[in-house]
Amino acid sequence: MLKARIAVFVSGGGTNLQALLDAEKEGKLPSGEIALVVSNKPDVYALERASAAGVEGVVLHKKILGQEAFEKQLIALLEEKKIDLIVLAGFLAILSEDFVKRYPRRIINIHPSLIPSFCGDGYYGLRVHEEALKKGVKVTGATVHFVNEITDGGEILLQKAVNIPEGIDASGLQKLVMEEAEWLLLPAAAEQVSREIVRKRNET
Ligand code: GAR
């Protein structure tokens with residue numbers, strides 16, 4: 001079986017990338033293979049995780065390139081590597097509407113809340129958990145969704161709830177949501193979409 005070729009986009013520590021790499025190694029991503037890791041910033045720890053797993057890591061320094069050149073090079077790279085599925089795993093750069101429209105139902109993102117709560121422009125990383133604690137919600141979680149032109153607005157694929165313990169701070173909650181939800185959901189969603197890509201390919 002020809003597997004779906006996956007590119008993982010990162011901007012930081014890459015614990016979600018690690019969850020994907022581990023899942024592949026453990027046979028939990030049978031329909032997909034992680035073929036490429038792309039970072040919009042140099043020197044992020046996620047790139048070391050890619051290299052340790054023997055996966056090619058590429059830096060496209062968006063701040064230096066600017067949006068247009070960044071996306072042009074990105075598209076060329078994705079074509080060259082024959083990528084079928086893009087996984088945004090803690091990727092904190094904005095992708096243009098034109099870019100997103102090129103890959104309908106071929107880009108997924110992990111967001112650290114139960115969408116439609118605490119999502120949209122400006123809600124990323126620790127900020128999401130700070131806002132959840134400020135609001136005093138008792139349950140939060142994570143969501144994997146398809147990416148469209150609306151920030152965090154694409155069709156929801158998987159969600160998992162996490163109870164918020166009394167007295168926890170934002171970084172404690174971030175870690176808890178990762179452990180109890182994100183690291184399980186993202187590989188499961190990547191497999192689900194990869195399986196669908198392979199199935200469609202075999203139909204034609
Ligand atoms: C994760 O919590 C991810 O859900 C979040 O950034 C973190 C990246 O961590 N993404 C967003 O907030 C996107 N809106 P990681 O680099 O260790 O995977």
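Before going into details, it helps to say that this report is about the structure given with it. In this text the structure is predicted, and so the values were computed from the model without any measurement.

## A few points about the packing of aromatic side chains
Here is step 1 of the chain: One pass over the full model with this rule turns up two aromatic pairs.
Here is step 2 of the chain: Seen in terms of ring centroids, F9 and F91 are 5.3 Å apart; in terms of plane orientation they differ by 65 degrees. Their pairing is edge-to-face. Of the two residues, F9 is situated in strand β1 (residues 4–10) and F91 in the loop between β4 (85–88) and α5 (97–102); the sequence distance between them amounts to 82 residues.
Here is step 3 of the chain: Note on F99 and Y103: the rings are 5.1 Å apart at their centroids and 50 degrees apart in plane angle, and the pair reads as tilted. Of the two residues, F99 and Y103, neither departs from the other in class, the shared state being buried.
Here is step 4 of the chain: Geometry around Y123 places R127 over its ring, the cationic atom sitting 4.8 Å from the centre.

## Regarding the sheet that holds β1
Here is step 1 of the chain: In spatial order, the strands read β3-β2-β1-β4-β5-β6-β7; together these seven strands make up an open sheet with mixed pairing. Pairing within the sheet leaves two strands with one partner each, and these edge strands are β3 (57–59) and β7 (156–163). Each neighbouring strand pair of the sheet contributes to a mean axis angle of 20 degrees, computed without reference to strand direction.
Here is step 2 of the chain: Sitting on the sheet, helix α7 (residues 170–203) is in contact with β1, β2 (32–39), β4, β5 (107–111), β6 (139–146) and β7, with an inclination near 160 degrees to β7.

## Observations concerning the pattern of salt bridges
Here is step 1 of the chain: As enumerated under the stated definition, the model contains 14 salt bridges in all.
Here is step 2 of the chain: Taking the shortest distance from any N to any O, the salt bridge between K81 and E56 comes out at 2.9 Å. Of this pair, K81 sits in the loop between α4 (67–80) and β4 while E56 sits in the loop between α2 (45–52) and β3, and the two are 25 residues apart along the sequence.
Here is step 3 of the chain: R199 is paired through a salt bridge with E203; the nearest N and O atoms lie 2.6 Å apart. Here E203 and R199 lie together in helix α7, a separation of four residues that amounts to about one turn.

Each value, and the rule that gives it
Residues numbered from 1 in each chain as written. Predicted model: local features only at pLDDT ≥ 70, side-chain atom pairs only at ≥ 80, totals over all residues. Heavy atoms only, no water. Phe/Tyr/Trp six-rings, centres within 6.5 Å; stacked < 30°, edge-to-face > 60°. Helix = DSSP H or I, 4+ residues; strand = E, 2+ residues; numbered from the N terminus. Buried < 20%, exposed > 50% of the residue type's maximum accessible area, 1.4 Å probe, protein only. Lys NZ or Arg CZ within 6 Å of the ring centre and 35° of its normal. Pairing = 2+ DSSP bridges. Axes fitted to C-alpha atoms, helices over the stretch in contact; angles between N-to-C directions. Contact = heavy atoms within 4.5 Å. Salt bridge = Lys/Arg side-chain N within 4 Å of Asp/Glu carboxyl O.

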